[in-house]
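Chain by chain, the residues run as shown.
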Amino acid sequence: MKALVYQGPGKRSWESVPDPKIQVPTDAIVKIDTATICGTDLHILKGDVPAVKPGTILGHEAVGTIVETGSAVTGFVIGDRVLISCVSSCGRCRFCKEGRYGQCSGGGGWIFGHLINGLQAEYARVPFADNSLYKIPAGLTDEQVLFLSDILPTSFEVGVLNGQVKPGDTIAIVGAGPIGLAVIMAAKLFTPGKIIAIDLADSRLAKAKEFGADVTINNGSEDPIKKVFELTGGLGADVAVEAVGVPQTFELCTELIRPGGRVANVGVHGHAATLHLEKLWIKDVTITTGLVDTYSIPQLLSLIVGGRLDPTTFATHRFPMEETMAAYDVFGDAAKTHALKVVLETAATVSKPSTTVKTAARV
Ligand SMILES: [Zn+2]
Ligand SMILES: [Zn+2]
């Protein structure tokens, strides 16, 4: 089969690799029908995630069809259309039993395109299939559910639910890239009083308006703290969501909130940020962090089925799977291309891989 292979920092290729095969009885093999690229994949390509070894197939967000199941898989059969969670769950460890699949200590967690071969490929081996796959309700398209692999649950669980967004709240979202926009989309489920988007790029702020922000602030030309306090009668925001992942935006979030307010960090940080406890201790603030668990996928699926949530607006570009290399170029140059999410689609004619080919374990 063909797949997008990480070849070390700055290097990727679309090449022939051995077909995946069942390794343990809880595995399933899924033919990938639709996949997408994540900002995390770009971080990996920069060399920021050294756990990813050269030779690993990238990708952790996809929708596909089951073509083979291990003998212990009981919840799925060949032909089932499935959403693959970016986080795998062994279902047995302490963390999985608490619904904290992201922290799975039994071999799951974020493993696709990280510790094992990922999903930007014609076929993928899905470990712990019963716990890590979700049947796609009849009548929904791949694109309607694709962003439930990662970006929607991340913004919902780590941003909106951790931030305890309530009806009427003023919510300030720092960063209006795909994750910040997904936070806007998910926050709207709770009918906040006001959504404020803060970013340095006017083009991203324009998108934030399209997604439902009431007010936008370009913090390159305006003082966001002054503006947020003006908009909240001098109190500050009820919730600030950090959706960038640099020290300055985290520190800004802690300055935007009112006493008793919440800061929900969603951004992936690579450097230390300063926590101004000398100012914060007296304000009863709550600061949360987190890696997505994707426990909210069934809930988000219900919202899509009910017509209450439509994540298809994230799909700005579409490519045939074999043009994944070009799709990376477009996604990686989002400042110019204005790409939010690029959708990779496999031709419907690709057939089931032979199960006799030896697979390459590249952990
Ligand atoms: Zn992702
Ligand atoms: Zn587990």
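In case you missed it, the structure is sitting above this.
The rules behind each value
Residues numbered from 1 in each chain as written. Chains lettered and ligands numbered in written order. Predicted model: local features only at pLDDT ≥ 70, side-chain atom pairs only at ≥ 80, totals over all residues. Heavy atoms only, no water. Salt bridge = Lys/Arg side-chain N within 4 Å of Asp/Glu carboxyl O. Buried < 20%, exposed > 50% of the residue type's maximum accessible area, 1.4 Å probe, protein only. Donors = N, O, S within 2.8 Å, 3.2 Å for Na, K, Ca; no water. Tetrahedral: all angles 85-135°; square planar, octahedral: opposite > 155°, others 65-115°. Phe/Tyr/Trp six-rings, centres within 6.5 Å; stacked < 30°, edge-to-face > 60°. Helix = DSSP H or I, 4+ residues; strand = E, 2+ residues; numbered from the N terminus. Core = buried A, V, L, I, M, F, W, Y, C linked by side-chain atoms within 4.5 Å. Contact = heavy atoms within 4.5 Å. Axes fitted to C-alpha atoms, helices over the stretch in contact; angles between N-to-C directions. Parallel < 35°, antiparallel > 145°, perpendicular 65-115°, else oblique. Left-handed = near helix turned anticlockwise from the far one by under 90°. Nonpolar A, V, L, I, M, F, W, Y, C, P; charged D, E, K, R; others polar.

A. Summary view of the pattern of salt bridges. Across all of its chains, the model carries 14 salt bridges by this definition. For the salt bridge of Arg94 with Glu98, the shortest nitrogen-to-oxygen distance reads 3.2 Å. Here Arg94 falls in the exposed class, since its relative accessible area comes to 59%. With a relative accessible area of 42%, Glu98 lands in the partly exposed category. A salt bridge links Glu143 to Arg318; the shortest N-O distance between them is 2.7 Å.

B. View of the coordination of the zinc ion (ligand 2). Around the zinc ion (ligand 2), the protein contributes the donor atoms Cys90 (SG), Cys93 (SG), Cys96 (SG) and Cys104 (SG), which lie 2.3 to 2.4 Å from the metal centre. Geometry at the zinc ion (ligand 2) is tetrahedral, judged from the four donor atoms that bind it and their angles of 103 to 117° at the metal. All donor residues of the zinc ion (ligand 2) come from one chain, and their arrangement in sequence is C-x2-C-x2-C-x7-C. Across the pair, Cys96 and Cys90 agree in class, each one buried.

C. Highlighting the packing of aromatic side chains. Within this structure, the stated rule accounts for three aromatic pairs. Ring geometry for Phe147 and Phe314: centres 6.1 Å apart, planes at 65°, overall edge-to-face. Linking Phe147 in the loop between helix H4 (142–146) and helix H5 (151–161) with Phe314 in the loop between helix H11 (297–305) and strand E14 (315–320), this pair joins segments that are 167 residues apart in sequence. A single burial state applies to Phe147 and to Phe314, both of which are buried. The interplanar angle of 50° and the centroid separation of 4.9 Å between the aromatic rings of Phe211 and Phe314 together place this pair among those described as tilted. Taken together, the residues span a long stretch of sequence, with Phe211 in helix H7 (residues 202–211) and Phe314 in the loop between H11 and E14 at a distance of 103 residues. For the residue pair Phe211 and Phe314, the accessibility class agrees, reading buried in each case. These aromatic residues form a ring-pair network of at least three members: Phe147, Phe211 and Phe314.

D. Representation of the environment of Gly234. Within the secondary structure, Gly234 sits in the loop between helix H8 (224–231) and strand E11 (237–242). Along the chain, Gly234 and Leu146 lie 88 residues apart, while their C-alpha atoms are 41 Å from each other.

E. Region of the structure containing the nonpolar core. Of all hydrophobic cores here, the largest spans 47 residues; its most connected members are Phe147, Leu152, Ile171, Ile184, Val241 and Phe314. Within the residue set of this core, elements represented by two or more residues are H4, H5, strand E8 (170–174), helix H6 (178–187), strand E9 (194–199), H7, E11 and H11. Looking at this core, the element that brings in the most residues is H6, giving seven residues. Discounting chain neighbours no more than four positions away, the residues touching Phe147 are Thr36, Leu152, Pro153, Pro311, Thr312, Phe314, Ala315, Lys341 and Val343. Listed in part, the 36 residues of the second largest apolar core include Leu45, Ile84, Ala124 and Val342.

F. A look at the packing of H5 against H11. Relative to each other, H5 and H11 sit at 110°, their axes nearing to 10 Å. On the basis of their axis angle, the class for H5 and H11 is roughly perpendicular. The handedness of the crossing between H5 and H11 is right-handed. Contacts between H5 and H11 involve Leu152, Pro153 and Phe156 from the first element and Ile297, Gln299 and Leu300 from the second. Across the contact of H5 with H11, the residue classes tally to five nonpolar, one polar and no charged.

G. Representation of the coordination of the zinc ion (ligand 1). Only Cys38 (SG), His60 (NE2), Glu61 (OE) and Asp150 (OD) from the protein coordinate the zinc ion (ligand 1), and they sit 1.9 to 2.2 Å from it. Coordination at the zinc ion (ligand 1) is tetrahedral: its four donor atoms span angles of 97 to 130° at the metal. Read N to C, the donor residues that coordinate the zinc ion (ligand 1) are spaced as C-x21-H-E-x88-D. Here Glu61 is found in the loop between helix H1 (39–46) and strand E4 (62–69), whereas its partner Asp150 is found in the loop between H4 and H5, with 89 residues between them in sequence. Take Asp150: its relative accessible area is 10%, and that puts it in the buried class.

Any functional reading would require information that these geometric values do not contain.
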